[in-house]
Amino acid sequence: MAPSASRTWEAALDRHSGVRPYTPPRELIPLWRDEFDAAHSEGGLFQLTMHPHIIGHRSRIVVLEELLDHISARGDVWYATHAQVARYVWQKASGNGTIP
């Protein structure tokens, strides 16, 4: 017998059974800020994965805006797509600046 749509939806919303515990949105901003600050100080890449079904809630959008304000305040950051980052790395690694 197939699970009911209601039960399937309830299971999808069960945040407490996953590997990672649920983190309230206001507790995310210090974590994200620290991750960015450490990557920035090392000259590294900060990559924030945002799954639409998680980040798409109003409470998370508010803290994402706070993070983007923090990042933008640095003034020396590059917002890039994965393709742009891959192209940059390829050009640096190949030494000739060309992409096959």
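This is a predicted model, so every value here is computed, not measured.

A. Representation of helix H5 (residues 82-94) in the model. Here H5 spans 18 Å end to end across 13 residues, near enough to the 18 Å set by a 1.5 Å rise per residue. Among the residues trailing H5, glycine 95 stands out with phi positive, at a value near 80 degrees.

B. Broad picture of the layout of surface pockets. Counted as a void, the second largest pocket has a volume near 760 Å³. Lining the second largest pocket are 24 residues, and of these Leu45, Phe46, Trp78, Tyr79 and Ala80 lie nearest its centre. Among the elements of the structure, helix H2 (25-41), helix H4 (58-74) and H5 are those that each provide at least two residues to the lining of the second largest pocket. Of the residues in the lining of the second largest pocket, the class split is 16 nonpolar, seven polar and one charged.

C. Structural view of the environment of serine 59. Mapped onto the elements, serine 59 comes out in helix H4. The exposure class assigned to serine 59 is partly exposed, which follows from its relative accessible area of 38%. Counting along the chain gives 34 residues from serine 59 to proline 25, while the straight-line C-alpha distance between them is 6.2 Å.

D. Layout of a nonpolar patch on the surface. A surface patch of nonpolar side chains, about 340 Å² in accessible area, is lined by Trp78, Tyr88 and Val89. Among the secondary structure elements, tyrosine 88 is positioned in helix H5. According to the relative accessible area criterion, tyrosine 88 is partly exposed, its value standing at 42%.

E. Focus on the environment of glutamine 47. Relative to the elements of secondary structure, glutamine 47 occurs in the loop between H2 and helix H3 (52-55). Taking C-alpha positions, glutamine 47 is 9.9 Å from tyrosine 79, a pair spaced 32 residues apart along the chain. Within polar-contact distance, the side chain of glutamine 47 engages the side chain of histidine 82 at 3.5 Å.

F. Structural detail: the packing of H2 against H4. Packing of H2 against H4 leaves a shortest axis separation of 9 Å and a crossing angle of 25 degrees. For the element pair H2 / H4, the angle class is roughly parallel. In the crossing of H2 with H4, the sense of the turn from one axis to the other is right-handed. Residue-level inspection shows Pro25, Arg26, Leu28, Ile29, Trp32, Arg33, Phe36, Asp37 and His40 of H2 in contact with H4, the latter providing Ser59, Arg60, Val62, Val63, Leu64, Glu66, Leu67, His70, Ile71 and Arg74. Counted by class, the contact of H2 with H4 contains ten nonpolar, three polar and six charged residues.

What counts as what
- Residues numbered from 1 in each chain as written.
- Predicted model: local features only at pLDDT ≥ 70, side-chain atom pairs only at ≥ 80, totals over all residues.
- Heavy atoms only, no water.
- Helix = DSSP H or I, 4+ residues; strand = E, 2+ residues; numbered from the N terminus.
- Expected span 1.5 Å × (residues − 1).
- 1 Å grid on protein atoms, 1.4 Å probe; cavity = no way out; pocket = protein on both sides within 12 Å on 5 of 7 lines; lining within 4 Å.
- Points joined across faces, edges and corners; volume = space filled by probe spheres on them.
- Nonpolar A, V, L, I, M, F, W, Y, C, P; charged D, E, K, R; others polar.
- Buried < 20%, exposed > 50% of the residue type's maximum accessible area, 1.4 Å probe, protein only.
- Patch = residues over 30% accessible without salt bridge, like charges linked within 9 Å, V, L, I, M, F, W, Y side chains within 5 Å.
- Areas by Shrake-Rupley, 256 points an atom, 1.4 Å probe, with all protein chains shown as cover.
- Salt bridge = Lys/Arg side-chain N within 4 Å of Asp/Glu carboxyl O.
- Polar contact = N/O pair within 3.5 Å; in protein donor to acceptor, adjacent residues only side chain to side chain.
- Axes fitted to C-alpha atoms, helices over the stretch in contact; angles between N-to-C directions.
- Parallel < 35°, antiparallel > 145°, perpendicular 65-115°, else oblique.
- Left-handed = near helix turned anticlockwise from the far one by under 90°.
- Contact = heavy atoms within 4.5 Å.

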